[in-house]
Amino acid sequence: MSWYDYSDAAEQKAKTQRDLEKRRKRGEKYEAFVAPEGRKLAVNFWGQAWCRHLETYCGYETRLPRGRSYLRAGHVYNLAVEQGVITAEVTGSSLYEVEVRIAPLKASVWAGIKQTCQGEVASLLDLLGGKLGDHVMQVVVDPKDGLFPGPREIRHQCTCPDAADLCKHQAAVLYAVGVLFDRDPRFFFELRGVDPSELIASSAAVL
Ligand SMILES: [Zn+2]
C-alpha cells in the first residue's frame, strides 16, 4: 500500500510511544482502545449497524479503510462517549485530538420510533442484545427516521494538518465507537441522548 510504508510507520509509532511515555510520566492518562483481533470489528447488531451506517456515507469511502487499519494498529487512546459528543486521542506522526459532535436525536423522530415499535420490543436485554424483529430493525436503521445520525448531523474535527473532510484519525475514532457499541450498546443510546428503556415502556403500555 503506497500510503503506508511499514518501516516509516514502525518508526513513527516508536517515536509517538516515547512521547506518550513522557506524557504518562507527567501524570497524563493514556488508555489504549484495543480493537478485536478477529476479521470483524463488530459482531453484534448495534456495532455492525453503526459501522454499516458509516460506510454508506458518501465521500467517506476512501478514508474508512485507513481508519480501520489505524484502529487495529492501536492508535486510538482515551475514547470517551457522552451525550452528543465523542472524544479521543489518536497517535500518528504526532498525537492528535479528535472530537465528533452529533446532533441530538430529534424528539419527533424518537417519538415516531417509539410509536412504530410499540409492543415489539420484549425487554431491554433483547433491545441491547440486538434481538429484534425485522420490523424494529428496519425502523431503527432507517436512514431518515431511524436512530443513526445522518451525515449532516455529524461534525468532526481533528488537530492534524490533513485538510480532508474525514482524516484517518477521525475515521479510526468512528470505528472505535462502533467497537464500543458492539461491546456495550448503552453508549449508543447515551450518544443519541435517549433512554432505551422508553422503547420497552411504550411496548408495555399497549399490553
Ligand atoms: Zn486527523
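Here is a short report on the structure shown in this document. Quantities reported herein were computed from a predicted structural model and do not represent experimental measurements. (Residues numbered from 1 in each chain as written. Predicted model: local features only at pLDDT ≥ 70, side-chain atom pairs only at ≥ 80, totals over all residues. Heavy atoms only, no water.)

## Looking at the sheet that holds strand β1 (residues 76–82)
Thought 1: Across the sheet, which stays open at both edges, the four strands sit in the order β1-β2-β3-β4 with antiparallel pairing between neighbours. The sheet is open, and its two edges are formed by β1 and β4 (154–158), each paired on a single side. This sheet shows a mean twist of 10° between the axes of neighbouring strands, independent of strand direction.
Thought 2: Where strand β2 (residues 85–91) lies against strand β3 (residues 95–102), seven bridges are found, and the strand directions are antiparallel. If you follow Val90 over to β3, its bridge partner there is Tyr96. (Pairing = 2+ DSSP bridges. Helix = DSSP H or I, 4+ residues; strand = E, 2+ residues; numbered from the N terminus. Axes fitted to C-alpha atoms, helices over the stretch in contact; angles between N-to-C directions.)

## Points about the coordination of the zinc ion
Thought 1: The coordination sphere of the zinc ion, as far as protein atoms go, consists of Cys158 (SG), Cys160 (SG), Cys167 (SG) and His169 (ND1), spread over 2.1 to 2.3 Å.
Thought 2: Note that the zinc ion binds four donor atoms; their angles at the metal cover 101 to 116°, and the shape is tetrahedral.
Thought 3: The sequence pattern formed by the donor residues of the zinc ion is C-x1-C-x6-C-x1-H. Like Cys160, Cys158 is buried. (Donors = N, O, S within 2.8 Å, 3.2 Å for Na, K, Ca; no water. Tetrahedral: all angles 85-135°; square planar, octahedral: opposite > 155°, others 65-115°. Buried < 20%, exposed > 50% of the residue type's maximum accessible area, 1.4 Å probe, protein only.)

## Let's talk about the state of the cysteines
Thought 1: Across all of its chains, the model carries zero disulfides by this definition.
Thought 2: Sulfur of Cys51: no disulfide; nearest cysteine sulfur belongs to Cys167 and is 17 Å away. (Disulfide = S-S within 2.5 Å.)

## Topic: the pattern of salt bridges
Thought 1: Counted according to the given criterion, the structure contains eleven salt bridges.
Thought 2: With a closest N to O distance of 3.6 Å, Glu28 and Arg23 form a salt bridge.
Thought 3: Judged by its relative accessible area of 22%, Arg23 is partly exposed.
Thought 4: The salt bridge involving Asp162 is made with Arg63; its shortest N-O contact spans 2.6 Å. Residue Asp162 is found in the loop between β4 and α7 (168–183), and its partner Arg63 is found in the loop between α2 (45–55) and α3 (64–72); the two are separated by 99 residues along the sequence.
Thought 5: One network of salt bridges, with partners in common, ties together Asp19, Arg23, Arg26 and Glu28. (Salt bridge = Lys/Arg side-chain N within 4 Å of Asp/Glu carboxyl O.)

## A word on the packing of α2 against α7
Thought 1: Contact pair α2 / α7: the axes reach a minimum separation of 7 Å and the direction vectors enclose 155°. As judged from the angle between their axes, α2 and α7 are roughly antiparallel. Relative to α7, α2 is oriented so that their crossing is right-handed. Counting all contacts with α2, which are made through Trp46, Gly47, Gln48, Trp50, Cys51, Leu54 and Glu55, the residues of α7 involved are Leu174, Tyr175, Val177, Gly178, Phe181 and Asp182.
Thought 2: Among the residues making up the contact of α2 with α7, the classes are represented as eight nonpolar, three polar and two charged. (Parallel < 35°, antiparallel > 145°, perpendicular 65-115°, else oblique. Left-handed = near helix turned anticlockwise from the far one by under 90°. Contact = heavy atoms within 4.5 Å. Nonpolar A, V, L, I, M, F, W, Y, C, P; charged D, E, K, R; others polar.)

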